[in-house]
Amino acid sequence: MGKKVVKFGGSSLADAAQFKKVGDIIRSDADRRYVVPSAPGKRSKDDTKVTDMLYACYATAVSGKDFSAQLTAIRERYEEIITGLALDISLAEEFVEIEKNFKAQAGSDYAASRGEYLNGKIMAAYLGYEFVDAATVIFFKEDGQFDAEKTDTVLSKKLEKIEKAVIPGFYGAYPNGAVHTFSRGGSDITGSIVARAVKAEIYENWTDVSGFMLVDPRIVKNPQVIDYITYKELRELAYMGASVLHEDAIFPVRQAGIPINIRNTNAPEEPGTMIVATTCRQSKYTITGIAGKKGFVAINIEKDMMNSEIGFGQKVLRAFADNGISFEHMPSGIDTMTVFVHQDEFEDKEQQVLSGIQALANPDHMEVETDLALIAVVGRGMKSTRGTAGRIFAALAHNHVNVRMIDQGSSELNIIIGVSNADFESAIRGIYDIFVTAQL
């Protein structure tokens, strides 16, 4: 029997109807043996996530005010799910415990984690799986860093003996037993850790979208879904602002060579996106995805014979480092180099940086360009396809977009284009149209 770890996000578990969909998905495949639930999300656009309700309730408790009405509202969310699923369980004891710990100010991490904890209890009862409290198997060091080694040892040993288990996402415990939550990517990280511990053949991450889109759906309507993407491509897209899984959620499974499948709870028949270490499958299109960010400044630096001056680039970058500014991108020519930095970071220290460059590197000329955007066109298929950069130029010219910079990485996995902020959306649409729409 194979092993699959399945993680379900908050929107997938917002109410009893969603729980039933999740139950059907899990029961349809006997290999889906380890389940990582999030806390109930929003049932509608104007609803509140249970995690946010818990934070607010705990804040009231800390301020010494009466929080009983807020706690009752949270309890009602869970009662509604239990009733809707016709389950014969009670969370009364758990809520007595929560109330006691809120009064004792057990910490906002403890408060927030109860959303997953309680949903895990319901999920285990609904599926007939064993409940494993994440605080007993997922560990943080005293400084708050995740303790990967201890967790993997304890968790794999624990789950070795359990055929089917529910492990709530988002939290673990300090050495003293106090609850601590992951700062970002919460339940996604837990799912990944569990997948590594049980040596799963696949980690299914179920959410409310059918995988990763090729481009931001707020810019291009109904974009195509990426069917296969490598970890490297994903990292490039995430770095350029695409909202994908957090790096911490990918690392444990990437290390163990376990693929991740992003799936849609509301459309389980769709295959979603597979995230893999490497693949012989060519992308459906030459490109895998497009992502970008606005709000950059380009500092153009010119100096005759720059290329023969040892350490010139280092001197320039030192002026940024001395002022605590990290650079985003740095294309260069024989006698020119350009440094792209975030405009909001640069503005306050602009003159210190420029005078620093002047003093350290003594350039012939400097110029600052503001309100720029960077767009990354990413794809493993670009290496084996001629004329990719030419097609990007053609697409941008057709959309009347002036290209300020173009730079191809040595891995040939990505091409970075600089345009003005005002041209950002039309540039992305143009690139999408020429590589995707034209091929549909």
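Look above for the structure.
Parameters at a glance
Residues numbered from 1 in each chain as written. Predicted model: local features only at pLDDT ≥ 70, side-chain atom pairs only at ≥ 80, totals over all residues. Heavy atoms only, no water. Helix = DSSP H or I, 4+ residues; strand = E, 2+ residues; numbered from the N terminus. Buried < 20%, exposed > 50% of the residue type's maximum accessible area, 1.4 Å probe, protein only. Polar contact = N/O pair within 3.5 Å; in protein donor to acceptor, adjacent residues only side chain to side chain. Contact = heavy atoms within 4.5 Å. Axes fitted to C-alpha atoms, helices over the stretch in contact; angles between N-to-C directions. Parallel < 35°, antiparallel > 145°, perpendicular 65-115°, else oblique. Left-handed = near helix turned anticlockwise from the far one by under 90°. Nonpolar A, V, L, I, M, F, W, Y, C, P; charged D, E, K, R; others polar.

Asker: It is not clear to me how the side chain of T273 should be interpreted in this structure. Could you clarify?
Answerer: Residue placement: T273 occurs in strand β10 (residues 273-276). Its relative accessible area of 0% is what places T273 among the buried residues. A polar atom in the side chain of T273 sits 2.8 Å from the backbone nitrogen of F212. At 2.6 Å, the side chain of T273 forms a polar contact with the backbone oxygen of I226. What T273 contacts, discounting residues up to four positions off in sequence, is G211, F212, V225, I226, D227, I229, I260, N261 and I262.

Asker: Would you mind showing me how to read the packing of helix α10 (residues 312-321) against helix α12 (residues 350-361) here?
Answerer: Two quantities define a packed helix pair, namely the angle between the helix axes and the distance between the axes. Two numbers describe how α10 lies on α12: the axes approach to 8 Å, and their chain directions differ by 150°. As the angle between them shows, α10 and α12 are arranged roughly antiparallel. Crossing hand, α10 versus α12: right-handed. Every residue of α12 that contacts α10 at F312, K315, V316, R318, A319 and F320 is listed here: V353, G356, I357, L360 and A361. The class makeup of the residues in the contact of α10 with α12 is eight nonpolar, one polar and two charged.

Asker: How should unusual backbone geometry be read in this particular structure?
Answerer: Both trends apply: most residues other than glycine have a negative phi, and most peptide bonds are in trans. The phi dihedral of F170 is positive, around 85°, even though this residue is not glycine. Within the fold, F170 resides in the loop between β4 (165-166) and β5 (171-173). Non-glycine residue N362 carries a positive phi angle of around 50°. Classification of N362 by relative accessible area gives partly exposed; the value is 46%.

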